[in-house]
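Survey of secondary and tertiary structure
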Amino acid sequence: MRMLKRSQFLTRPVIAAMLITIVAQSALGAEDAYYSIPVSKLEITAGKLPTRDPDDRWDWRWRGVSTPPRVVLDVPGEGYYVSSFSGPIAIPASSVGSGSDDTIGNPLVVRAPAGKDVTGTLYLSAEGIRKVEKVSFRIPAKESKPEHRQQFLREKGNYYQNLRDANIAGTAWFRYQARLAENAMGANRAPPTGVPAIGRFANDRDFSTTFDLFTGGRAIGENLQLDRALAVNDKDNTPFDIDKIDGITVAEIDWTNLLKGKNPKLDPLAASIPADQHVVFFPTFTALVQVADEAEKNGTPVLRMAEPRAEDAKTVDRYQQQLCMSLGGLGRTFGPHVVRSVALTGSDLNFRTGTDIAVLFEAVDPATLEQMLIAKVKLATMGKKDVAVGEDTAGGLPYKSWRSKDRSVSCYIARLGNSVVVSNSPYQIERLGAVAQKKTPNLASLPEYKFFRDRYPLGDADETAMAFLSDATIRRWCGPRWRIASSRQVRELAVIAQLDATYLDKIVTDKVEAGPVHTDLTIGTVSDYRLGAEGIHSPSIGSLSFLTPIAEIPLEQVTRGEMLAYQRWRDTYQSNWRWAFDPIALRLTVKPEKLAADLSVMPLIWESDYREFIELTQGTELKPDAGDPHGALVQAILAIGPKSRLREQGSGLLTMMVPGAGLKPLSWLGESVSVYADDDPIWEKLAKADPEQLESDASLLQKLPVALRADVSDPLKVALLLTGLRGVMEQTAPGMLNWDTLQHNEMHYVRLSAKRRLGGGLDGLEIFYATSPDNLTITINESLIKRVLDRQAARAKGEQGDKRDAEKSADSGQVTQLPWLGKSMALHVDRKLLDLVSSLSRTERQREIQTLAWSNLPILNEWKRLYPDRDPVELHEQVWKVKLVCPGGGKYVWNADWNTMESTVYGHPGGPIVGPLLTPAMLGLESADFGVTFEEQGLRARAVFERTGEAAGEKPVSKSEVSTKK
């Protein structure tokens, strides 16, 4: 922690600010001329300024950061244009051609050599951000004025601030440039230097929100809240003893009754792992390799698509390099004759920035395995002079170590009973040694671990891995030491990134003079920053390549500002709990024909997004055949409890509409409500239809094969309700509707249609419903209601379905739907629907991926401008330790005609290309089933993805083969 005398504290920032100002002014050049020209007054030499039709509708859906206006000069210097409509992007820059003088848009500003005319090209967005035009211009030398310098600096600062706020690749560089511009203006305040805060669910989309709810992902985010950083007042630096700060006081769960009669078999390595660390158990070494291969083949592209930035931090590669071994290499060397089982553990989940991990191998012959691992490390470090080799003891456990100063190599090997440990941190060796000496509790002693091991039995054929977070682990993560250290780590990351930007030229040109550096940034907490060939690092905090793990950061005293920030966070966090804390367990299944996950979270926070669903479903469970499961394209089902608010609120509404229907019109409602969509040729027609045609002709939409199905507990009450509704509608709209009772295979259904034109896209709309002793089904597709009646007739005869449905299933090879995976709510999705959704949203999704690919262009263009002889992608990776990747699998190359980097598969804003789209077919998916069960004030969420085998690298299996197997 930085401890400065008062004189030092006052002087260093002032000196640093002066130096930055001097550097900025030197960079700007003493012989430069400055220009500030309204875009509407530019002398255009080629092309024309785009105009905007005032009748055009601006499409705000595609706001992004991929096409800010760019100015490229033909002479040395720099130019900027920031539209007056711009937030993080010029919206809409196309309006610059309308209006007059200075009233539309900010001026185009330029710094160029004095005494010469300036020529260049302005790249402006037109027709939204999906199209860019280029306009060549000339500015006479006589237009230069000294007072334009301030305007130039202001607009340059605005330009980089907009890019900085956009949260795209290059944020640290954009922040640094904005700061330079403002300091050069003589301003006393600099732009904010902290990492922009991002809301927990700021980027939620409807589909991802639904997916999170059905998979339990939302529950993990709600309960852990690892992304909620502390809001620290850096000016309140009074020292405070961290041991005097109270942590989480929420009670633990009493597992006594939950464990009655349970005596599960435990993982052999569980007794060696600290009780307050996360862990993933792999029953065999082969299982570990399976998970790794799955993540590499299928997880990597999916995760990249979900990332807010198109970049690859090479996290797995980093840890494999640290430990001097790869899973693939070990997989070819080891097997069941060497390793029985494996466990991966550590103290936190900050894998991307830097964390401590330990891999425990349960060995057949520990001594032989240890020597094999040591030999691999020696081979990997051979010839590396900066790797220090040593032997020592931690926690009473002897170990051998190999470690470089930058921790690109950081490997510790120790023998622990019948296992061998490989770690990247001496802290892990110490903790494991403390467990071996029984100085700290082990995982096997925890009742919650035993509970989940009973739920997920060891040795089950469906288990490829089981991850577990104990009460003690989550409690430690929510404690003052971990939260404040994590906050410091985030702030130090911002400082190091800012200093790397400051010394970027020296790093890139290999002109580094190694030594200590100083900064006026006050958000940091250490003072030992040093400049080396790889950039900025700190012996105590690390570098962008690998930050010192939180567990290794000494933290005996904190500032009063940090203490108050933690207390605010703790009080808010604890207010969400009403009972006890929350251990979490997750079982994974990885097989060629399926992927599956089974998650348990106990309990949920009180203000959970699941709260309304819990109230709806409390007191009942879904039966395996509830909701008429029949292999629909998509079907969602929700259990309805006997005292749910839906019954009361719905009854109140219907009582007002139908006074004669009884005091509780929904008293007929059974235990579940379901919504589904069936397969039908109409979906293919819909996928091929023009969206504009659908707006004018809604005939396809009026016959969608979708249905609402509700269980019925009292058929008589349903009949009374429907009769009452018909009477009310006949009174309020007499002569408007036809109520026709139709027959299908000796079974009846009702058609509701309009007697005359209704207008507003409703002409031709028909509603069908059918009742039975156990259900009410409503749809707008007549074929669907007939299939419902056929299934009812088949069930009445004790059959599974009618002959036509059986033949259809055999012909199509449709996979039979699994029983509902949840007892409270469930969802089934067929591959055909996934393909349909991909087709319907193809343009929108492609634009999103295209925009993601283009979000890397601003910083790549910056590197190309500053270092034209360097590969911008390689330069970025050298400095910032992450590789910028095209989400479509393409590469970034230079386009000389447009003076921009571009993606080989998505092009650039001036020349867009319709690129590839990740589809369900590419992943080999056949169907997906999700289920949630609310239990013990928590939840159990299950997911099963049936697939052809292609996704796991196996020989493709046809749909009919899958159906036969099932």
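Residues numbered from 1 in each chain as written. Predicted model: local features only at pLDDT ≥ 70, side-chain atom pairs only at ≥ 80, totals over all residues. Heavy atoms only, no water.

1. Let's talk about the overall build of the protein
A tally of regular secondary structure across the protein gives 28 helices and 39 strands. Among the 966 residues that make up the protein, the fraction classed as buried is 51%. Within the protein, contacts between residues at least 6 apart in sequence are counted, and of these 72% link residues at least 24 apart. On the protein, roughly 44900 Å² of surface is accessible, and the fraction owed to carbon and sulfur atoms is 53%. (Helix = DSSP H or I, 4+ residues; strand = E, 2+ residues; numbered from the N terminus. Buried < 20%, exposed > 50% of the residue type's maximum accessible area, 1.4 Å probe, protein only. Contact = heavy atoms within 4.5 Å. Areas by Shrake-Rupley, 256 points an atom, 1.4 Å probe, with all protein chains shown as cover.)

2. Focus on the packing of helix H25 (residues 857-866) against helix H26 (residues 872-880)
In contact at an axis separation of 9 Å, H25 and H26 are set at 100 degrees when each is read in the N-to-C sense. Taken as axis vectors, H25 and H26 run roughly perpendicular relative to one another. Contact residues: Ile859, Leu860, Trp863 and Lys864 in H25; Pro872, Val873, Leu875, His876 and Trp880 in H26. For the contact of H25 with H26, a count of residues per class yields 7 nonpolar, 1 polar and 1 charged. (Axes fitted to C-alpha atoms, helices over the stretch in contact; angles between N-to-C directions. Parallel < 35°, antiparallel > 145°, perpendicular 65-115°, else oblique. Nonpolar A, V, L, I, M, F, W, Y, C, P; charged D, E, K, R; others polar.)

3. A short note on helix H13 (residues 480-502)
Here H13 spans 33 Å end to end across 23 residues, near enough to the 33 Å set by a 1.5 Å rise per residue. Within H13, 19 of the 23 residues are buried, which leaves it mostly tucked inside the rest of the structure. (Expected span 1.5 Å × (residues − 1).)

4. Notes on the sheet that holds strand E19 (residues 530-532)
Strands belonging to one sheet form pairs held by backbone hydrogen bonds; the direction of such a pair is parallel or antiparallel. Read from one edge of the open sheet, 4 strands run E18-E19-E20-E21, paired in antiparallel fashion. One side of each edge strand has no neighbouring strand; the edge strands of this open sheet are strand E18 (515-516) and strand E21 (542-543). Relative to E21, strand E20 (residues 535-538) runs antiparallel, the two being bridged by 2 bridges. Note that in E21 the partner of Ser538 across the bridge is Gly542. (Pairing = 2+ DSSP bridges.)

5. As for the packing of aromatic side chains
Counted according to the given criterion, the structure contains 23 aromatic pairs. Summarising the aromatic geometry, the rings of Tyr319 and Phe351 are spaced 6.1 Å apart at their centres and angled 85 degrees between planes, so their arrangement reads as edge-to-face. Taken together, the positions of Tyr319 in helix H7 (residues 315-322) and Phe351 in the loop between strand E11 (339-346) and strand E12 (357-363) put the pair 32 residues apart, joining distant regions of the chain. Looking at Phe351, the relative accessible area reads 26%, which means it is partly exposed. Connected via pairs of aromatic rings, a cluster forms that spans Tyr34, Tyr80, Phe152, Tyr159, Tyr160 and Phe174. (Phe/Tyr/Trp six-rings, centres within 6.5 Å; stacked < 30°, edge-to-face > 60°.)

6. Examining the confidence of the model for the protein
As a note on interpretation, predicted positions should not be read in detail where pLDDT is low. On average, residues of the protein score 78 in pLDDT, and 75% of them are at 70 or above. When the criterion is pLDDT under 50, residues 950-966 qualifies, and its contacts beyond four places in sequence or with other chains add up to 32 contacts. (pLDDT = per-residue confidence, 0-100.)

7. Topic: the environment of Val829
With respect to the secondary-structure elements, Val829 resides in strand E32 (residues 825-830). Along the primary structure Val829 and Ala632 are separated by 197 residues, whereas in three dimensions their C-alpha atoms are 7.7 Å apart. Ignoring any residue separated from it by four or fewer positions in sequence, one finds Val829 in contact with Leu633, Val634, Leu834, Ser927 and Ala928.

8. What to know about the pattern of salt bridges
Using the criterion set out here, one finds 38 salt bridges in the structure. Note that Asp462 is salt-bridged to Lys591, the shortest N-O span being 3.2 Å. On the criterion of sequence distance, the pair formed by Asp462 in the loop between helix H11 (447-455) and strand E17 (465-469) and Lys591 in strand E23 (residues 584-591) is long-range, its members being 129 residues apart. Look at Asp462 and you get partly exposed, because its relative accessible area is 28%. Among the salt bridges present, the one from Arg865 reaches Glu862, with a minimum N-O distance of 3.1 Å. Within this pair, Arg865 and its partner Glu862 are both found in helix H25, separated by 3 residues, close to a single helical turn. (Salt bridge = Lys/Arg side-chain N within 4 Å of Asp/Glu carboxyl O.)

9. Concerning the packing of H13 against helix H15 (residues 560-574)
Relative orientation of the contacting elements H13 and H15 amounts to 115 degrees, with a least axis distance of 10 Å. The handedness of the crossing between H13 and H15 is right-handed. Between H13 and H15, the contacting residues are Pro480, Arg483, Ile484, Arg488 and Arg491 on the first element and Glu562, Tyr566 and Trp569 on the second. (Left-handed = near helix turned anticlockwise from the far one by under 90°.)

10. So, the pairing of E23
Every other side chain in a regular strand lies on the same face of the sheet, so the side chains alternate between the two faces. Relative to E23, E17 runs antiparallel, the two being bridged by 5 bridges. Residue Ala465 lies in a different strand from E23, and its bridge partner there is Leu588. By the bridge criterion, 8 bridges tie E23 to strand E24 (residues 594-601) in an arrangement that is antiparallel. Along E24, the bridge assignment pairs Leu588 with Ala597. Connecting E23 to the next strand, E24, in antiparallel fashion are 2 residues.

11. Regarding the nonpolar core
Nonpolar side chains in soluble globular proteins tend to end up buried together. Formed by 55 residues in total, the largest nonpolar core has its most connected members in Trp173, Leu504, Ile859, Leu860, Trp863, Trp880 and Tyr892. Counting only elements with at least two residues in this core, the list comes to helix H2 (148-165), helix H3 (171-184), H13, helix H14 (504-508), helix H24 (842-854), H25 and H26. Of the residues forming this core, the biggest block, 7 residues, is contributed by H3. Apart from the residues within four sequence positions on either side, Trp880 is in contact with Ala172, Trp173, Ala497, Asp500, Ala501, Leu504, Leu544 and Trp863. Ala343, Ala414, Ile429 and Ala585 belong to the second-largest nonpolar core, a separate cluster that totals 33 residues. (Core = buried A, V, L, I, M, F, W, Y, C linked by side-chain atoms within 4.5 Å.)

12. Looking at the pairing of strand E29 (residues 747-754)
Note: strand E28 (residues 737-744) against E29, 8 bridges, orientation antiparallel. By the bridge assignment, Leu737 is partnered in E29 with Ala754. Linking E28 back to E29 in an antiparallel pair, the connection comprises 2 residues, with Asn745 at a positive phi of about 50 degrees.

13. Thoughts on the environment of Gly924
You can see Gly924 is positioned in the loop between helix H27 (920-923) and strand E38 (925-935). Residue Gly924 is classed as buried on the basis of its relative accessible area of 0%.

14. Quick notes on the side chain of Gln498
With respect to the secondary-structure elements, Gln498 resides in helix H13. Gln498 has contacts with Ala172, Arg175, Tyr176 and Leu521, leaving out every residue within four places of it along the chain.

15. Looking at unusual backbone geometry
One non-glycine residue, Asp510, adopts positive backbone phi at about 60 degrees. With respect to the secondary-structure elements, Asp510 resides in the loop between H14 and E18. Judged by relative accessible area, which is 65%, Asp510 ranks as exposed. Here Asn899, not a glycine, exhibits a phi torsion of approximately 55 degrees, which is positive. Looking at where Asn899 falls in the secondary structure, it is placed in the loop between strand E34 (892-895) and strand E35 (900-903).

16. Comments concerning the environment of Thr933
By the element assignment, Thr933 lies in strand E38. Take Thr933: its relative accessible area is 11%, and that puts it in the buried class. Setting aside residues no more than four positions away along its own chain, Thr933 makes contact with Leu821, Gly822, Lys823, Ser824, Gly938, Leu939 and Arg940. Reaching out from Thr933, the side chain makes a polar contact with the backbone nitrogen of Lys823 at a distance of 2.8 Å. (Polar contact = N/O pair within 3.5 Å; in protein donor to acceptor, adjacent residues only side chain to side chain.)

17. Examining H3
Taking 1.5 Å of rise per residue, 14 residues should cover 20 Å, and H3 covers 20 Å from first to last C-alpha, within 8% of that figure. Along H3, 14 of the 14 residues are buried, which leaves the element largely enclosed by surrounding structure. Gly186 sits one or two positions beyond H3 and adopts a positive phi of about 90 degrees.

18. Notes on a nonpolar patch on the surface
Together, Val675, Leu708, Ile767 and Ile778 give the surface a local cluster of nonpolar side chains, amounting to about 280 Å² of exposed area. By secondary structure assignment, the location of Ile778 is in strand E31 (residues 775-779). Here Ile778 falls in the partly exposed class, since its relative accessible area comes to 33%. (Patch = residues over 30% accessible without salt bridge, like charges linked within 9 Å, V, L, I, M, F, W, Y side chains within 5 Å.)

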